[in-house]
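Each chain is listed here by its residues.
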Amino acid sequence: MWRLRRAAVACEVCQYLVKHSSGIKGSLPLQKLHLVSRSIYHSHHPTLKLQRPQFRTSFHQFSSLTNLPLCKLKLSPIKYGYQPRRNFWPARLAARLLKLRYLILGSAVGGGYTAKKTFDQWKDMIPDLSDYKWIVPDIVWEIDEYIDLEKIRKALPNSEDLAKLAPDFDKIVESLSLLKDFFTTGSPGETAFRATDHGSEGDKHYRKVTDKEKIDQLQEELLHTQLKYQRILERLEKENKELRKLVLQKDDKGIHHRKLKKSLIDMYSEVLDVLSDYDASYNTQDHLPRVVVVGDQSAGKTSVLEMIAQARIFPRGSGEMMTRSPVKVTLSEGPHHVALFKDSSREFDLTKEEDLAALRHEIELRMRKNVKEGCTVSPETISLNVKGPGLQRMVLVDLPGVINTVTSGMAPDTKETIFSISKAYMQNPNAIILCIQDGSVDAERSIVTDLVSQMDPHGRRTIFVLTKVDLAEKNVASPSRIQQIIEGKLFPMKALGYFAVVTGKGNSSESIEAIREYEEEFFENSKLLKTSMLKAHQVTTRNLSLAVSDCFWKMVRESVEQQADSFKATRFNLETEWKNNYPRLRELDRNELFEKAKNEILDEVISLSQVTPKHWEEILQQSLWERVSTHVIENIYLPAAQTMNSGTFNTTVDIKLKQWTDKQLPNKAVEVAWETLQEEFSRFMTEPKGKEHDDIFDKLKEAVKEESIKRHKWNDFAEDSLRVIQHNALEDRSISDKQQWDAAIYFMEEALQARLKDTENTIENMIGPDWKKRWLYWKNRTQEQFVHNETKNELEKMLKCTEEHPAYLASDEITTVRKNLESRGVEVDPSLIKDTWHQVYRRHFLKTALNHCNLCRRGFYYYQRHFVDSELECNDVVLFWRIQRMLAITANTLRQQLTNTEVRRLEKNVKEVLEDFAEDSEKKVQLLTGKRVQLAEDLKKVREIQEKLDAFIEALHQEK
């Protein structure tokens, strides 16, 4: 009767289980998600963490049906006189064995299924080219000849491997037999009695030790199973990488000359490059995602980036600051492992050590070039693209390491500059912060964690990475401290995910492959995994790169359309402002304006060649005479005119002309020609063009003119040839006709009259205003002017007595003049008498020379007869004719040099200056300024950004 009731109770339980289990709705299992995605978004899922069973008391501690849903059961009444003894330990043991064995079996089967599903997904990633067989070469359809698919199939776990992981069914049978004995032996009273019996202390200790050993053993088996399937996945990924590389190589050869589209990450990187050059106006900010790598100095930021890029591409130094400016690295997939800069077409082969060394050297040079004098770091970004098979697509920005103390050799504001650069990148609400922490140093010494916690207090876009875990495990006395660091319990910051990596043994010559093998070997034998302080998906740089890539693209998809809308609004505002302010002008940016100004300047230079020869010779002759007239009058004519006869006059003139020609005259002539060319060039450059003149080019034209003149040098051989020509011209004394004679007299009169006028002005300033000015303008003489006037009057009296007086006063004559002035109460110094005499005699001489010039107008006849039987001597007229002829010949020679050589050389210099200015962005910004230019620049940038963003969004939707 009791057995029938017991069976009825069991049947009711079974019926309840069948009824309620069939009504449970299925949901998407977490195992279908990627391993790395579970590490970030489901870090506390029960399937990812072995949980110890909670301690249970009273009846639930021994019940084999603890996990079943409870329902109301009608139990038969128990007789109090006799209670059967309960013996539940075999059932509990069997249930535990079944649970653990099936957990292992489920993990094995699930791992194999996941591996097969991953392989199927990779196969689905290869595009279906069946509709394009006429384009794709036949070798692509024969790809199975290159890949051993049978080998891949054999790599998957077979039934024998799964059978090894299956539970021992013999032991299960034994456990079931014990369970059967439980239902057949004993009485309810005895069972209830044993349920209240806790056993001795020795049994409890034995049970505790046994359970701990079993849990440790099962954890170790589970770890080895995970590592085994991890290796299988890595091998499949490697084979898939080779397959994709082969396809990309065949496509890269361009058998049918197809034009490849830009990859998605390259399009996104171009948008970021344009934004980096765009001066944020109208409150338009760059909120596009990128991965910002921050950390303390020497924390291993660069090493982590190199592991992600799979190449040692950054300069290295022992304790020295190497990252002096932000480096934007765009990672993308390609058939060859290469790197290239944004502004260069050279590709660096990252598989060759010499190219790697050249790349590191180039990065170091660019950093030092960006750093201004007196600074240590620079905010200017270096843009680098890295392509290779198997690289995760993302954009990373490596920032200078955060420092605590400014050392010798650094600028005083280095610490603040690094903080400002880091904050500028991290304050972007869509930027992913990759916080690098050195695990080999004390966590309390970290600076970057406080900075990151300020910028992202909730940890919604921060990924924490602990580097040098191998050194940390050796040096840290308590291993649980590493777990506390990984879980973020030792820092005020929060993070989206936590990772631990090893970036080598500290040897800079290690290869990336060697570091990866060392990293995998370390974590395979590390206590951190064996003791479950770290999960398998939280270690290695490979898992880190997968996690960062997933976060990056998730952030991009969520924010890129919003950014595109903001730029559309900015474009509308700029276009409206342009239409209102400049309705009749085209929207020319700075480069287009520079090209327009360049064409105008070149046209103006060409116009120099259109200047007539007559105009060149006139301005050259006039400018040269203005330059040499003082020397001719003061140093040649006046000293020679003081001689007593014509022979001495001609001798003196010939000697002084020869000295002048050998030393000064050619150089003066070249200077005059160069200045004349500059004046004409400046006149053409600055001359207004009427309504078509655009003053926005004035600063640029002035700068081009000054720089071109500075670079231009006259031909060195011009002086030598000019010296010979000038010497021959001055040696000629033969005046062929009366017209040339009259021209020489006219030239002489003009020169002497100009000197006489200058001399009279000098005397007037010396003696002060005359009686007319004193009466009309109420001006008076000073005491010094009064003395000069009295001295002048006394000297003029002396000249009237002796009209042929020599040019210098004798000492007794100076004494006589001084005594005469003292007798009238005028105290005078002898030096004042000499100065006054020089001007008075000069005026007297020039007036006499002009009178003599008038007499020589009719002297051409006597000149032809060499002044024989004539008292008239006109040697001074012959001198001025020689000077005039020399000026005309020199002007003609200089004009030929200008038109044939120097104008072309100047045009060449102008072109070189314009080319240099075209390559210098800062120069163009300085020379082409104004609201109109800035508005056109902003409009162009916004349009370019919007177009690139629209193309990227379209490609992103197509990829989905």
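Residues numbered from 1 in each chain as written. Predicted model: local features only at pLDDT ≥ 70, side-chain atom pairs only at ≥ 80, totals over all residues. Heavy atoms only, no water.

(A) Examining the overall build of the protein chain more closely. Scanning the protein chain for helices and strands turns up 34 helices and 9 strands. Looking at the protein chain residue by residue over its 960 residues, the buried ones come to 42%. When contacts within the protein chain are restricted to residue pairs at least 6 apart in sequence, those whose partners lie at least 24 apart make up 81%. Carbon together with sulfur atoms contributes 51% to the accessible area of the protein chain, which is approximately 54,900 Å² in total. (Helix = DSSP H or I, 4+ residues; strand = E, 2+ residues; numbered from the N terminus. Buried < 20%, exposed > 50% of the residue type's maximum accessible area, 1.4 Å probe, protein only. Contact = heavy atoms within 4.5 Å. Areas by Shrake-Rupley, 256 points an atom, 1.4 Å probe, with all protein chains shown as cover.)

(B) Broad picture of the sheet that holds strand S2 (residues 327-333). Taken in spatial order, the 9 strands of this open sheet run S4-S3-S5-S2-S6-S1-S7-S8-S9, and their pairing is mixed. Among the strands making up the open sheet, the edge pair consists of strand S4 (348-349) and strand S9 (497-500). Where strand S8 (residues 462-467) meets S9, 4 bridges bridge the pair, whose relative direction is parallel. Bridge pairing links Phe-464 to Tyr-498 in S9. Sitting on the sheet, helix H11 (residues 301-309) is in contact with strand S1 (291-295), S2, strand S5 (382-388), strand S6 (394-398), strand S7 (432-438) and S8, with an inclination near 160° to S6. (Pairing = 2+ DSSP bridges. Axes fitted to C-alpha atoms, helices over the stretch in contact; angles between N-to-C directions.)

(C) A look at the state of the cysteines. Considering all chains together, one arrives at 1 disulfide under this definition. Disulfide pairing places Cys-856 opposite Cys-874 at an S-S distance of 2.1 Å. Note on the Cys-856 and Cys-874 pair: the S-S dihedral is about -100°, so by sign convention the disulfide is left-handed. With Cys-856 in the loop between helix H30 (830-855) and helix H31 (860-864) and Cys-874 in the loop between H31 and helix H32 (875-919), the pair connects residues that are 18 residues apart, well separated along the chain. You'll find Cys-856 and Cys-874 in the same group, each marked buried. (Disulfide = S-S within 2.5 Å.)

(D) Highlighting helix H24 (residues 698-711). An ideal rise of 1.5 Å per residue puts 20 Å on 14 residues; H24 measures up with 20 Å between its terminal C-alpha atoms. Three or more residues of H24 are buried, namely Leu-700, Lys-701, Ala-703, Val-704, Lys-705, Ser-708 and Ile-709. Contacts from the buried residues of H24 go to helix H20 (590-606), helix H23 (665-686), H32 and helix H33 (921-927). (Expected span 1.5 Å × (residues − 1).)

(E) Seen up close, the pairing of S1. S1 sits mainly inside the fold: 5 of its 5 residues count as buried. Residue alternation in S1 divides its side chains into two sets, Val-291, Val-293 and Gly-295 and Val-292 and Val-294, and both sets are buried. Across 3 bridges, S1 lies against S6 in parallel orientation. Paired with Val-293 across the bridge in S6 is Asp-398. Examined bridge by bridge, S1 and S7 share 5 bridges and lie parallel to one another. Directly across from Gly-295, in S7, lies its bridge partner Ile-436.

(F) A look at the packing of H20 against helix H34 (residues 931-959). Direction vectors running N to C along H20 and H34 enclose 125°, while the axes themselves pass 8 Å from each other. As far as their axial angle goes, H34 and H20 are oblique. The segment H20 lies against H34, with Arg-590, Asn-591 and Leu-593 engaging Arg-932, Val-933, Gln-934, Glu-937 and Lys-940. Of the residues assigned to the contact of H20 with H34, the class counts are 2 nonpolar, 2 polar and 4 charged. (Parallel < 35°, antiparallel > 145°, perpendicular 65-115°, else oblique. Nonpolar A, V, L, I, M, F, W, Y, C, P; charged D, E, K, R; others polar.)

(G) Structural detail: the nonpolar core. In this structure, Tyr-637, Trp-660, Trp-741 and Ile-883 are the most contacted members of the largest nonpolar core, which totals 101 residues. Examining the composition of this core, we find that 17 residues originate from one element, H32, more than from any other. Counting 68 residues, the second-largest nonpolar core is a separate cluster that includes Leu-305, Ile-308, Ile-436 and Ala-564. (Core = buried A, V, L, I, M, F, W, Y, C linked by side-chain atoms within 4.5 Å.)

(H) Layout of a negative patch on the surface. On the surface, Glu-380, Glu-912, Glu-915, Glu-919, Asp-920 and Glu-922 cluster together into a negatively charged patch. Residue contributions to the negative patch peak at 3 residues, all from H32. Along the chain, Glu-380 turns up in the loop between helix H12 (353-370) and S5. Glu-380 sits in the partly exposed class, given a relative accessible area of 37%. (Patch = residues over 30% accessible without salt bridge, like charges linked within 9 Å, V, L, I, M, F, W, Y side chains within 5 Å. Salt bridge = Lys/Arg side-chain N within 4 Å of Asp/Glu carboxyl O. Lys, Arg positive; Asp, Glu negative; His and termini not counted. Charge placed at Lys NZ, Arg CZ, Asp CG, Glu CD.)

(I) Summary view of the pattern of salt bridges. Overall, the coordinates contain 41 salt bridges when judged by the stated rule. Between Asp-654 and Arg-882 there is a salt bridge, with its nearest N and O atoms 3.1 Å apart. With Asp-654 in helix H22 (residues 646-663) and Arg-882 in helix H32, the pair connects residues that are 228 residues apart, well separated along the chain.

(J) Region of the structure containing the side chain of Arg-590. Residue position: Arg-590 is located in helix H20. The contacts of Arg-590, once residues within four sequence positions are left out, are Lys-924, Val-925, Leu-928, Val-933, Gln-934 and Glu-937.

(K) How the structure looks around the packing of helix H21 (residues 613-641) against H32. Direction vectors running N to C along H21 and H32 enclose 140°, while the axes themselves pass 8 Å from each other. Between H21 and H32, the angle falls in the class oblique. Our pair here, H21 against H32, has a crossing hand that is right-handed. Taken together, the residues that form the contact of H21 with H32 break down as 17 nonpolar, 5 polar and 3 charged. (Left-handed = near helix turned anticlockwise from the far one by under 90°.)

(L) Focus on helix H28 (residues 783-801). End to end, H28 covers 28 Å across 19 residues, agreeing with the expected 27 Å (1.5 Å per residue, within 8%). The inward-facing, buried residues of H28 contact helix H26 (738-767), helix H29 (811-823) and H30.

(M) Focus on the confidence of the model for the protein chain. Per-residue confidence for the protein chain averages 76 on the pLDDT scale, and 72% of its residues sit at or above 70. Contacts of residues 1-86 to residues separated by more than four positions or lying in other chains number 88 contacts, the stretch itself having pLDDT below 50. Within the model, pLDDT remains below 50 along residues 279-284, and this stretch shows 9 contacts once partners closer than five positions in the same chain are excluded. (pLDDT = per-residue confidence, 0-100.)

(N) Representation of the environment of Gln-297. Summarising the element assignment, Gln-297 is placed in the loop between S1 and H11. The sequence separation of Gln-297 and Val-448 amounts to 151 residues, and the corresponding C-alpha distance is 9.5 Å.

(O) Local environment of the environment of Thr-836. If you trace the backbone, Thr-836 turns up in helix H30. Sequence-wise, Thr-836 and Asn-789 are 47 residues apart; in three dimensions their C-alpha atoms are separated by 8.9 Å. Among residues more than four places away in sequence, those in contact with Thr-836 are Met-766, His-788, Thr-791, Lys-792 and Leu-795. Here His-788 takes part through its side chain, which lies 3.2 Å from a polar atom of the side chain of Thr-836. (Polar contact = N/O pair within 3.5 Å; in protein donor to acceptor, adjacent residues only side chain to side chain.)

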